[in-house]
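Observations on chain architecture
Chain by chain, the residues run as shown.
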Amino acid sequence: MNDTGSNPEQKSEKPWMRILLVASLGLNLAIAGMFVGAKLSGGQHRNWDRGREAAQLGPYGRAFTKEDRAALRQNMQARGDSFRTHRKNMRAAATALIETLRAEPFDIDAARTVLATQRSAQIALQDEGQELMLNHLASMTPEARATFADNLEKGLKRRKPR
């Protein structure tokens, strides 16, 4: 028999290798496509330099400049004990809710009380954050506030409700 180097059995010995190669190539192309897409869009649809605190403040946080967010963060850190206390209370309420959910029989009044406690902590945290934001807005120049309003408006238009 003539051996030309092509053995049909050899091709089917490791079909998983071909599948793995195709999957790897697809994944690499997908990742490359994401980077090319981000580069071509100019990053205008997202502000990648805005950190976690901007996301936590929602559209308001994204509308502030980097310097404004730094000032707000500094003011928040100055009141750190108060913010930590509210967050600690929210975590404690979440833990209490988990215990309430696992208890048999389920006590709806206990769950209602725990959720009310958690809501109070959330409202206190939100009130304090709003006060910091309002004080910062009051300290801004009219031009800076107008820029903030423009940024907020642009951000809200970009994030249309679904």
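Details of the structure are given in the entry above.
Now for a look at the structure at hand. Quantities reported herein were computed from a predicted structural model and do not represent experimental measurements.

Our focus in this paragraph is the side chain of Thr100. Inspection of the secondary structure assignment puts Thr100 in helix 6 (residues 80-102). We classify Thr100 as buried; its relative accessible area is 12%. At 2.8 Å, the side chain of Thr100 and the backbone oxygen of Ala96 are in polar contact. Beyond its immediate chain neighbours, meaning those up to four positions away, Thr100 contacts Phe106, Asp107, Ala110, Ala111 and Val114.

Closest axis-to-axis distance for the helix 5 (residues 66-78)/helix 7 (residues 108-139) pair is 10 Å, and the angle between their directions is 130°. Relative to helix 7, helix 5 is oriented oblique. Here helix 5 and helix 7 pass one another in a crossing that is right-handed. For the pair helix 5 and helix 7, contact is made by Asp68, Ala71, Leu72, Asn75 and Met76 and by Leu132, Met133 and His136, respectively. Taken together, the residues of the contact of helix 5 with helix 7 break down into five nonpolar, two polar and one charged.

What follows is about the packing of helix 5 against helix 6. Between helix 5 and helix 6, the shortest axis-to-axis distance is 5 Å and the interhelical angle comes to 80°. Relative to helix 6, the element helix 5 is oriented roughly perpendicular. Here Met76, Gln77 and Ala78 of helix 5 come into contact with helix 6, specifically with Gly80, Phe83 and Arg87.

Our focus in this paragraph is the nonpolar core. Within the largest apolar cluster, eight residues are counted, these being Ala63, Phe64, Leu72, Met133, Leu137, Met140, Phe148 and Leu152. Where this core is concerned, the elements lending two or more residues are helix 7 and helix 8 (142-158). Apart from the residues lying within four places of it in its own chain, the contact partners of Leu137 are Phe64, Arg145 and Phe148.

Bringing the pattern of salt bridges into the picture now. Overall, the coordinates contain one salt bridge when judged by the stated rule. One salt bridge in this structure joins Asp109 and Arg112, with 2.9 Å as the shortest N-O distance. A residue pair is termed a helical-turn pair when its members lie 3 or 4 positions apart in one helix, as Asp109 and Arg112 do in helix 7 at three residues. Look at Asp109 and you get partly exposed, because its relative accessible area is 46%.

Looking now at helix 5. Because each turn of an α-helix spans 3.6 residues, side chains separated by three or four positions in sequence point in the same direction. Helix length check: helix 5 (13 residues) gives 18 Å between terminal C-alpha atoms against 18 Å at 1.5 Å per residue, within 8%. Regarding helix 5, the residues found buried are Asp68, Arg69 and Leu72. Taken around the axis of helix 5, the buried residues stretch over an arc of 95°, which confines them to a single face. For helix 5, the exposed residues lying more than 90 degrees away from the buried face are Lys66, Glu67, Gln74, Gln77 and Ala78.

Before going further, it helps to spend a moment on unusual backbone geometry. In this structure, the amide linkage connecting Glu104 to the following residue, Pro105, adopts the cis form with an omega of -5°. Tracing the backbone shows Pro105 in the loop between helix 6 and helix 7.

Rules of the game
- Residue positions within a chain follow its written sequence, with the count starting from 1.
- Given that the model is predicted, a residue must reach a pLDDT of at least 70 before its local features are reported, and side-chain atom pairs must reach 80 or more before they are shown or counted; all residues, however, enter totals for whole chains, interfaces and linings.
- For the side-chain quantities, the full set of heavy atoms in the structure was used; hydrogens and water were omitted.
- In this text, helices come from DSSP runs of H or I with a minimum length of four residues, and strands from runs of E with a minimum of two, each type numbered from the N-terminal end.
- Here the term buried applies to any residue with accessible area under 20% of the maximum for its type, exposed to any over 50%, and partly exposed to those in between, with areas from a 1.4 Å probe on protein chains only.
- Nitrogen and oxygen atoms within 3.5 Å of one another constitute a polar contact, given that in protein one can donate a hydrogen and the other can accept it, and given that sequence-neighbouring residues count only through two side-chain atoms.
- Contact criterion: two residues are considered in contact whenever any of their non-hydrogen atoms come within 4.5 Å of each other.
- Axis definition: a line fitted to C-alpha atoms, limited for helices to the stretch in contact. Angles are taken between N-to-C directions and run from 0 to 180 degrees.
- Working rule for angles: under 35 degrees goes down as roughly parallel, over 145 as roughly antiparallel, 65 to 115 as roughly perpendicular, anything else as oblique.
- Rotating anticlockwise by less than a right angle from the far helix to the near helix defines a left-handed crossing, while the corresponding clockwise rotation defines a right-handed one.
- Polar here means any residue outside two lists: the nonpolar Ala, Val, Leu, Ile, Met, Phe, Trp, Tyr, Cys and Pro, and the charged Asp, Glu, Lys and Arg; Gly therefore counts as polar.
- By nonpolar core is meant a set of buried Ala, Val, Leu, Ile, Met, Phe, Trp, Tyr and Cys residues that side-chain atoms within 4.5 Å join together.
- Salt bridge, as applied in this entry: a Lys or Arg side-chain nitrogen positioned within 4 Å of an Asp or Glu carboxyl oxygen.
- Each residue after the first adds 1.5 Å to the expected span of a helix.
- Throughout, the arc means that of the directions going from the helix axis to the C-beta atoms.

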